Amino acid sequence: MSVAVASASPPARKALWKNLGVQVVIAMILGALVGLLFPSFAAQLKILGDIFLRLIKTAVAPLVFLCVVIGVVSAGDFKRIGKVGLVAMLYFEIVSSIALAFGLVAGNLLGIGQGMSATTAASGVKPPSAAGAPHSTLEFILNIFPDNFVGAFARGELLQVLVIALIFGAALLHLKESKRLPIERGLNAISDVFFEFIHLIMWVAPIGTFGAVAFAVGSSGTAVLLSLIYLVLSFYAVVILFIVVVLGGICAMFRINILSFLAFIKDEIFIVLGTASSESVLPRLLEKLPAYGCSKQSVGLVLPTGYAFNLDGTSIYMSMGILFLANAYNVPLDFSQQLGILAIMLLTSKGAATVSGGSFVVFAATVAATGVLPLEGLAVLFGVYRFMSIAIATTNVIGNSVATVVTAKICGEFDETLLSRTLREEMA
């Protein structure tokens, strides 16, 4: 017995340079250096980041569809699905409202945009058009429902894909077991293939990160960064405070160790920091959060829905961006007007993940909807949006990950034993 114990060698530790998170951090540093030293060359490296994100996006909609359908079928009854969905939606509305209010309060206290000359700050970069974004409640509701099964996937409309997946899963539940089981096994097998597809793409994540960071630093230039430095630093400070105070407080309420949880998803956080895209880690989180103790059903239902309805980073950005433009262009906004704009943002922020162009396009739609803020001010903020989008996407990912775990705990879809085993393996 002693010989057997002596001969048992501990598992070889993975070399540090082989860790994906470390590779992404190194790529970020190299990208920043190239952007500063060779800005003209760095501007051409945008294609590397674009290729990586395009490859990721090819799998996002199918994976959301597969995970939701499998989650619905695995749940077995609509009462279970309804409970998880209702709790998740209530959570999303409460926390999104807190994030919007948090941004408004911080923006007022910090006085962002005050004393700034908009004419000298404008970067001259043309922001994306917000014409495709739904502006009214009826348009937003109508846009949720697809008019074409394949078109929803082709356009990357995650809300429409969710609707299709829920109906498809319900249809599967209505089939006899003899017909349902082969289809269910096939969907699980296809899901495994898509996860392997993502694993292969992740090999080039550091290259994509290098290109994206080099382009952001090289194309924006130091003049824009200096003119808007206070806004950028203020935004990062507010976002960090939100994660620590609000999300940390929520985690404490539900006995979740926020530091341990952030360490668990650190690789995904590093990837988002490098790519400034929350979509880049959705497939990984769909696979990873069940190992933390959440049921696959709750992860499959809550996480993709959160990408459309629970965007904490986007909410804070929109609040602070509105106040920045108001101060920069000397547009007075009293308390009642700010409350009215907050109500508009509660609606428009829900489409951020499904509108082409992301958070900035939705922000542009909000500025247009207010009717009091100058549209030309959008060019001022677009100059540094690439830098701010890093914090936006990271906060969105952390917020949705926390939302998934909290919802799973509330609905009894959380396995503490599995969590303990996973954490022991992580420490080994």
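Worth saying up front: this structure is predicted, and the values here are computed from it rather than measured. (Residues numbered from 1 in each chain as written. Predicted model: local features only at pLDDT ≥ 70, side-chain atom pairs only at ≥ 80, totals over all residues. Heavy atoms only, no water.)

### With respect to the pattern of salt bridges
Our working rule: The working definition used for a salt bridge is a side-chain nitrogen of Lys or Arg within 4 Å of a carboxyl oxygen of Asp or Glu. Helix numbers and strand numbers start at the N terminus; a helix is a DSSP run of H or I with at least 4 residues, a strand a run of E with at least 2. The rule is simple: take the accessible area with a 1.4 Å probe, protein chains only, and divide by the maximum for that residue type; under 20% is buried, over 50% is exposed, in between is partly exposed.
Within the structure shown, the criterion is met by five salt bridges. A salt bridge links arginine 284 to glutamate 268, with the nearest nitrogen and oxygen atoms 2.9 Å apart. Within this pair, whereas arginine 284 is found in helix α15 (residues 282-292), its partner glutamate 268 is found in helix α14 (residues 266-275), the two being separated by 16 residues in sequence. For lysine 288, the salt bridge identified is with glutamate 268, shortest N-O distance 3.1 Å. A residue pair is termed long-range when its members are at least 10 positions apart, and lysine 288 in helix α15 and glutamate 268 in helix α14 qualify at 20 residues. What makes lysine 288 buried here is its relative accessible area of 19%. Since its relative accessible area comes to 1%, glutamate 268 is described here as buried.

### Notes on the nonpolar core
Put simply, the test is: We call a set of buried Ala, Val, Leu, Ile, Met, Phe, Trp, Tyr and Cys residues a nonpolar core when their side-chain atoms join them within 4.5 Å.
The biggest cluster of nonpolar side chains holds 116 residues, and the ones touching the most others in it are Tyr91, Phe235, Tyr317 and Phe363. Take this core: its biggest share by element is 16 residues, from helix α4 (residues 46-75).

### As for helix α17 (residues 312-328)
To be explicit about the condition: To estimate the expected span of a helix, subtract one from its residue number and multiply by 1.5 Å.
When the terminal C-alpha atoms of α17 are compared, their 24 Å separation across 17 residues agrees well with the 24 Å that a helix rising 1.5 Å per residue should span. In the segment just after α17, asparagine 330 is the residue with positive phi, at about 55 degrees.

### Considering empty space enclosed by the protein
Operational definition: A pocket here means an open set of points on a 1 Å grid, computed over the protein atoms alone, that has protein on both sides within 12 Å along at least five of seven lines. A cavity is instead a set of points where a 1.4 Å probe fits but cannot get out; residues with an atom within 4 Å of a point line either one. Grid points are joined across faces, edges and corners, and a volume is the space filled by probe spheres set on the points. Gly is put with the polar residues, along with every residue not named as nonpolar or charged; the nonpolar set is Ala, Val, Leu, Ile, Met, Phe, Trp, Tyr, Cys and Pro, and the charged set is Asp, Glu, Lys and Arg.
Counted by the stated rule, this structure contains two cavities of 30 Å³ or more. Its volume calculated, the second largest cavity comes out at about 40 Å³. In terms of lining residues, the second largest cavity is bounded by Lys46, Gly49, Asp50, Leu53, Ala212, Thr275 and Arg386. The leading source of residues in the lining of the second largest cavity is α4, at four residues. The residue inventory of the lining of the second largest cavity, partitioned by class, reads two nonpolar, two polar and three charged.

### Quick look at the packing of aromatic side chains
Formally: By convention, a stacked pair of Phe, Tyr or Trp rings (six-membered ring in the case of Trp) has centres within 6.5 Å and planes under 30 degrees apart, an edge-to-face pair has planes over 60 apart, and any other such pair is tilted. A ring has a charge above it when a Lys NZ or an Arg CZ is no more than 6 Å from the ring centre and no more than 35 degrees off the ring normal.
Counted by the stated rule, this structure contains twelve aromatic pairs. On the numbers, 5.5 Å between centres and 75 degrees between planes, the contact of phenylalanine 65 with phenylalanine 153 is edge-to-face. In this pair, phenylalanine 65 is assigned in helix α4 and phenylalanine 153 in helix α8 (residues 149-155), connecting sequence segments 88 residues apart. Relative accessible area serves as the criterion here: at 22%, phenylalanine 153 is assigned to the partly exposed category. Centroid distance tyrosine 91 to phenylalanine 92: 6.4 Å. Interplanar angle 75 degrees. Geometry classified as edge-to-face. Classification of tyrosine 91 as buried rests on a relative accessible area of 9%. Accessibility expressed as a relative area gives 0% for phenylalanine 92, which makes it buried. Joined through ring pairs, the aromatic side chains of Phe65, Phe149, Phe153 and Phe168 make up one cluster. We note lysine 46 situated over the ring of phenylalanine 215; from NZ or CZ to the ring centre the distance is 5.6 Å. Positioned above the aromatic ring of phenylalanine 264, the side-chain terminus of lysine 288 is 5.2 Å from the ring centre.

### Digging into a nonpolar patch on the surface
In plain terms, the rule: In this analysis, a patch consists of residues with relative accessible area above 30% that form no salt bridge, clustered at 9 Å for like charges and at 5 Å for the nonpolar side chains Val, Leu, Ile, Met, Phe, Trp and Tyr. Throughout, the Shrake-Rupley method with a 1.4 Å probe supplies accessible areas, and for residues the shown protein chains are the sole cover considered.
Residues Ile26, Ile29, Leu30, Leu33, Leu36, Leu37, Phe38 and Phe41 make up a contiguous nonpolar surface patch of roughly 820 Å² in combined accessible area. Looking at the nonpolar patch, the element that brings in the most residues is helix α2 (residues 20-37), giving six residues. Its place among the elements puts isoleucine 26 in helix α2. For isoleucine 26, a relative accessible area of 44% puts it in the partly exposed group.

### A word on the packing of α14 against α15
Cut-off, in case you're wondering: Only the stretch in contact is used when a helix axis is fitted, and all axes are lines through C-alpha atoms; the angle between N-to-C directions ranges over 0 to 180 degrees. Roughly parallel means an angle under 35 degrees; roughly antiparallel means over 145; roughly perpendicular covers 65 to 115; every other angle is labelled oblique. Put simply, a crossing is left-handed when the front helix is turned counterclockwise from the back one by less than a right angle, and right-handed when it is turned clockwise. Note on contacts: a residue pair is in contact if any heavy atoms of the two residues lie within 4.5 Å.
Relative to each other, α14 and α15 sit at 170 degrees, their axes nearing to 11 Å. Between α14 and α15, the angle falls in the class roughly antiparallel. Relative to α15, the crossing made by α14 is left-handed. Judged by residue contacts, Asp267, Glu268 and Ile271 of α14 engage Arg284, Leu285 and Lys288 from α15. In the contact of α14 with α15, the residues fall into two nonpolar, no polar and four charged.

### Some points on the confidence of the model for the chain
Our working rule: How sure the predictor is of each residue is captured by pLDDT, a score from 0 to 100.
Taken as a whole, the chain shows an average pLDDT of 79; of its residues, 79% reach a score of 70 or greater. Per-element confidence in the chain is highest for helix α12 (residues 229-253), whose mean pLDDT is 93, and lowest for helix α6 (residues 118-121), whose mean pLDDT is 42. Every residue in residues 130-134 scores below 50 in pLDDT, and together they form ten contacts with partners more than four places removed in sequence or on other chains.

### Some remarks on helix α16 (residues 296-309)
A rise of 1.5 Å per residue sets the reference length of α16, with its 14 residues, at 20 Å; its end C-alpha atoms lie 20 Å apart and thus fit the reference within 8%. The buried fraction of α16 is high, at 13 of 14 residues.

### Remarks on the packing of α12 against α17
Interhelical geometry of α12 versus α17 gives an angle of 140 degrees and a closest axis separation of 11 Å. As the angle between them shows, α12 and α17 are arranged oblique. Both α12 and α17 take part in a crossing whose hand is right-handed. Here Leu231, Ser234, Phe235, Val238, Phe242 and Leu247 of α12 come into contact with α17, specifically with Asp312, Gly313, Ile316, Tyr317, Met320 and Phe324. Each residue belonging to the contact of α12 with α17 can be placed in one class, and the counts come to nine nonpolar, two polar and one charged.

### So, unusual backbone geometry
Of note, the phi angle at arginine 255 is positive, near 55 degrees, even though the residue is not glycine. For arginine 255, the location among the structural elements is in the loop between α12 and α13 (258-264). Judged by relative accessible area, arginine 255 falls into the exposed class, the value being 77%.

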